[in-house]
Amino acid sequence: MFDSHSDVAAVVYGDGDDPDAVLRGFALRLRSGGDRPVGLIQAGRRGAGRDDLRGVLLPSGRRVGMWTARVGPHGGRFDVAAFADAQMEIMAALDAGADVLILNRFGRQETAGGGLRELVIRAAQRDVPVVGAVAAWRFADWLRFVEGMSVKLPCEQGAVDLWWRGTRRSGDGRAPASPGRRGWPL
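Residues numbered from 1 in each chain as written. Predicted model: local features only at pLDDT ≥ 70, side-chain atom pairs only at ≥ 80, totals over all residues. Heavy atoms only, no water.

### What to know about the overall build of the chain
At step 1: Counting its regular elements, the chain contains six helices and 11 strands.
At step 2: Long-range pairs, those at least 24 residues apart, make up 70% of the contacts in the chain between residues at least 6 apart in sequence. (Helix = DSSP H or I, 4+ residues; strand = E, 2+ residues; numbered from the N terminus. Contact = heavy atoms within 4.5 Å.)

Put into structure tokens, the structure is as follows:
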């Protein structure tokens, strides 16, 4: 399903990098330019005794919790139901027309065969470019999933913008982008 014509990129991050800010900035620039990004951008982090993992859905801007708090020695857990609901909304937006799919993380769920993998497959089937954040230590798993057909980008705004300019092809059959709304809450 992935081939040399697939426009797939991984924003590879390590300690101290902020892939959320890179993807959020990218999505905002696209949106202001009239492109139609769809996907999920992480808007919180787990850690230090607080469970604040949430995401922002594109294009709606709706915030979703992805972690449920629970009392006990192991803290919270991944909210499968909220994630499934978010995935359905992203799938509908992808089917309605998208210029790019943006993914918050390629993580444990995706490595195990779940998570947002189906969205990447759907985007590839529709020839929609995909960019997602991938931890450096998960990059080999990402490459296996996309059958080696991925560009590896540093966690920098300029690198993502350069990749995007390279994916824009004239006469690629994509419908013109709608102008979208202003004030997108990312």
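### Some details on the nonpolar core
At step 1: With 29 residues, the main nonpolar core has Leu40, Leu101, Trp142 and Phe145 as its most contacted residues.
At step 2: Elements with a minimum of two residues in this core: strand 1 (8-13), strand 2 (37-42), helix 2 (80-96), strand 9 (100-106), helix 4 (117-125), strand 10 (130-135) and helix 5 (139-145).
At step 3: At six residues, the largest contribution of residues to this core is made by helix 2.
At step 4: If we ignore the near neighbours within four places in the chain, the residues touching Leu101 are Val38, Gly39, Ile90, Leu119, Val120, Ala123, Val128, Pro129, Val130 and Val131.
At step 5: Counting residues in each nonpolar core, the second largest holds 21 residues, with Val11, Phe26, Leu153 and Trp164 among its members. (Core = buried A, V, L, I, M, F, W, Y, C linked by side-chain atoms within 4.5 Å. Buried < 20%, exposed > 50% of the residue type's maximum accessible area, 1.4 Å probe, protein only.)

### With respect to the sheet that holds strand 2
At step 1: Here we have seven strands laid out as an open sheet, ordered 6-5-2-9-10-1-11, and mixed in their pairing. Two strands close off the open sheet at either side, each with one partner strand: strand 6 (63-65) and strand 11 (151-154). With strand direction ignored, the average angle separating the axes of adjacent strands in the sheet is 25°.
At step 2: With four bridges connecting them, strand 1 and strand 11 associate as parallel partners. When the sheet's bridge partners are listed, Val12 is paired in strand 11 with Pro154.
At step 3: Strands in contact with helix 4 are strand 9 and strand 10; relative to strand 9, the strand with the most contacts, it is inclined by about 155°.
At step 4: Across the sheet, helix 6 (residues 157-167) is in contact with strand 1, strand 9, strand 10 and strand 11; its angle to strand 11 comes to roughly 145°. (Pairing = 2+ DSSP bridges. Axes fitted to C-alpha atoms, helices over the stretch in contact; angles between N-to-C directions.)

### A look at helix 4
At step 1: Residues Leu119, Val120, Ile121 and Ala123 constitute the buried set of helix 4.
At step 2: Residues of helix 4 that are buried sit in contact with helix 2, strand 9, strand 10 and helix 5.

### Let's talk about the pairing of strand 9
At step 1: In terms of residue burial, strand 9 counts as a mostly covered element, since seven of its seven residues are buried.
At step 2: Sheet topology places strand 2 next to strand 9; three bridges connect them, and they run parallel. Among the inter-strand pairings, Gly39 is bridged to a residue of strand 9, identified as Ile102.
At step 3: Relative to strand 10, strand 9 runs parallel, the two sharing four bridges. Within the sheet, the bridge partner assigned to Phe106 lies in strand 10 and is Val134.

### Focus: the pattern of salt bridges
At step 1: A full pass over the atoms with the stated rule returns eight salt bridges.
At step 2: Across the pair Asp161 and Arg29 runs a salt bridge whose closest N-O atoms are separated by 2.8 Å. You can see Asp161 sitting in helix 6 and its partner Arg29 sitting in helix 1 (residues 19-32), a full 132 residues away along the chain.
At step 3: The partner of Asp95 in a salt bridge is Arg122, with the nearest N and O atoms 2.6 Å apart. Within this pair, whereas Asp95 is found in helix 2, its partner Arg122 is found in helix 4, the two being separated by 27 residues in sequence.
At step 4: One continuous salt-bridge network, built from bridges that share partners, spans Arg62, Asp85 and Glu89. (Salt bridge = Lys/Arg side-chain N within 4 Å of Asp/Glu carboxyl O.)

### Considering the packing of helix 1 against helix 6
Packed helices, taken two at a time, are described by their axes: the angle between them and the distance between them.
At step 1: One can describe the packing of helix 1 onto helix 6 by two numbers: an axis separation of 9 Å at closest approach and a directional angle of 45°. One way to sum up the angle between helix 1 and helix 6 is to call them oblique. For the pair helix 1 and helix 6, the crossing hand works out as right-handed. Contact with helix 1, carried on its side by Ala21, Val22, Gly25, Phe26, Arg29 and Leu30, involves Gln157, Val160, Asp161, Trp163 and Trp164 of helix 6 and no other residues of that element.
At step 2: Of the residues belonging to the contact of helix 1 with helix 6, the class tally is seven nonpolar, two polar and two charged. (Parallel < 35°, antiparallel > 145°, perpendicular 65-115°, else oblique. Left-handed = near helix turned anticlockwise from the far one by under 90°. Nonpolar A, V, L, I, M, F, W, Y, C, P; charged D, E, K, R; others polar.)

Structural measurements only, silent on function.
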